[in-house]
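Residues per chain, in single letters:
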Amino acid sequence: MAKELERPSWEEYFMAITDLVAQRSTCTRRKVGAILVRDRRIIATGYNGAPSGIRHCLEVGCLRDQQAVPSGERHELCRGLHAEQNAIIQAALHGVSLQGSMLFCTNMPCSICSKMLINAGITKILYRSGYPDAMAAGMLAEAGVPLIQTTGG
């Protein structure tokens, strides 16, 4: 009898794909990937980087480094969009509702992304690491969106 091949769990599978998405990042500080999944199907992906048609940090340097902005502060001082934002935008461009979907992300969403995810109807967030954001965690908890740190993938 042939031994069954070990298969990754769904969580491991989606986190591994999220890692691959992160490799497209154009950020010089941190590579972040995000995927939105509903019914075990990927409905949108995103990675952090500058908007389409805009030179990215790999070409022009990091504005945040140039201005000595600490990680996790002053999100508006950046050429790039967060991976979660790009995933939401991708879904919007293609007319795909995110209601009832889950987010898999390499990093914990910041408070700005968390607000967007709550309003988009995300029901659960799984992430691997990242800077803790007490405001984001508090808002997600209040909205009833589980925020789960995982080692999957």
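Predicted model only: the values in this text are computed from it and were never measured.

## Section: the packing of helix α5 (residues 111-120) against helix α6 (residues 134-143)
- The contact between α5 and α6 brings their axes to 8 Å, and the two run at 15°. Of the possible angle classes, the one that applies to α5 and α6 is roughly parallel. Read as a crossing pair, α5 and α6 show a hand that is right-handed. Residues Ser111, Ser114, Lys115 and Ile118 of α5 touch α6, and the partners they reach there are Met135, Ala136, Met139, Leu140 and Ala143.
- Here the contact of α5 with α6 is composed, by residue class, of six nonpolar, two polar and one charged.

## What about the nonpolar core?
- Leu36, Leu98, Leu103, Leu117, Ile122 and Ile125 are the most contacted members of the largest nonpolar core, which has 17 residues in total.
- Looking at this core, the elements that each hand over two or more residues are β1 (33-38), α4 (83-93), β3 (102-107) and α5.
- It is α4 that contributes the most residues to this core, four residues altogether.

## Considerations on the sheet that holds strand β5 (residues 147-149)
- Here we have five strands laid out as an open sheet, ordered β2-β1-β3-β4-β5, and mixed in their pairing. Each edge of the open sheet is held by one strand with a lone partner, namely β2 (41-47) and β5. If you compare each strand with its neighbour and ignore which way they point, the axes differ by 20° on average.
- Sheet topology places β1 next to β3; four bridges connect them, and they run antiparallel. In the strand pairing of β3, Ala34 is matched with Cys105.
- Here α4 sits on the sheet and contacts β1, β2 and β3; the angle it forms with β2, its principal contact strand, is near 130°.

## Concerning the pattern of salt bridges
- On inspection of all chains with the given rule, the structure shows three salt bridges.
- With a shortest N-O distance of 2.7 Å, Asp19 and Arg128 are connected by a salt bridge. Of the two residues, Asp19 is situated in helix α1 (residues 10-22) and Arg128 in strand β4 (residues 124-129); the sequence distance between them amounts to 109 residues.
- Judged by relative accessible area, which is 25%, Asp19 ranks as partly exposed.
- Arg74 is the partner of Glu76 in a salt bridge, and the nearest nitrogen-oxygen pair spans 2.6 Å.

## Examining α5
- Along α5, the positions that sit buried rather than exposed are Ser111, Cys113, Ser114, Leu117 and Ala120.
- Buried residues along α5 sit against α4, β3, β4 and α6.
- Two residues or fewer after α5 comes Gly121, characterised by a positive phi angle close to 90°.

## Some words on the packing of α4 against α5
- Two elements in contact, α4 and α5, have axes separated by 9 Å at closest approach and are oriented at 30°. Compared by their axis directions, α4 and α5 come out roughly parallel. For α4 against α5, the interelement crossing comes out left-handed. Note on element contacts: α5 touches α4 through Ile112, Cys113, Met116 and Leu117, opposite Glu84, Gln85 and Ile88.
- Classifying every residue of the contact of α4 with α5 by side-chain character gives five nonpolar, one polar and one charged.

Definitions and cut-offs
Per-chain numbering applies: the sequence of each chain, read as written, is numbered from 1 onward. Residue-level local features of this predicted model are given only where pLDDT is at least 70; pairs of side-chain atoms are given and counted only at 80 or more, and the full residue set underlies all totals for whole chains, interfaces and linings. Only hydrogens and water are removed before side-chain values are computed, so all heavy atoms of the structure are retained for them. Only the stretch in contact is used when a helix axis is fitted, and all axes are lines through C-alpha atoms; the angle between N-to-C directions ranges over 0 to 180 degrees. What counts as a helix is a DSSP run of H or I of at least four residues, what counts as a strand is a run of E of at least two, and both are numbered from the N terminus. What sets the label is the angle itself: under 35 degrees gives roughly parallel, over 145 gives roughly antiparallel, 65 to 115 gives roughly perpendicular, and the rest give oblique. Note on convention: the crossing is left-handed when the near helix lies turned anticlockwise from the far helix by less than a right angle, right-handed when the turn is clockwise. Any two residues having at least one pair of non-hydrogen atoms within 4.5 Å are treated as being in contact. Residue polarity is assigned by list, with Asp, Glu, Lys and Arg as charged and Ala, Val, Leu, Ile, Met, Phe, Trp, Tyr, Cys and Pro as nonpolar; anything else, Gly included, falls into the polar class. Nine residue types can take part in a nonpolar core, namely buried Ala, Val, Leu, Ile, Met, Phe, Trp, Tyr and Cys, and a core is a set of them joined through side-chain atoms within 4.5 Å. Think of it in three bands: with a 1.4 Å probe and only protein chains considered, a residue is buried below 20% of the maximum accessible area for its type, exposed above 50%, and partly exposed in between. Strands pair, by our definition, only if DSSP identifies at least two bridges between them. A pair is scored as a salt bridge if a Lys or Arg side-chain nitrogen falls within 4 Å of a carboxyl oxygen belonging to Asp or Glu.

Nothing here speaks to function; it is all geometry.
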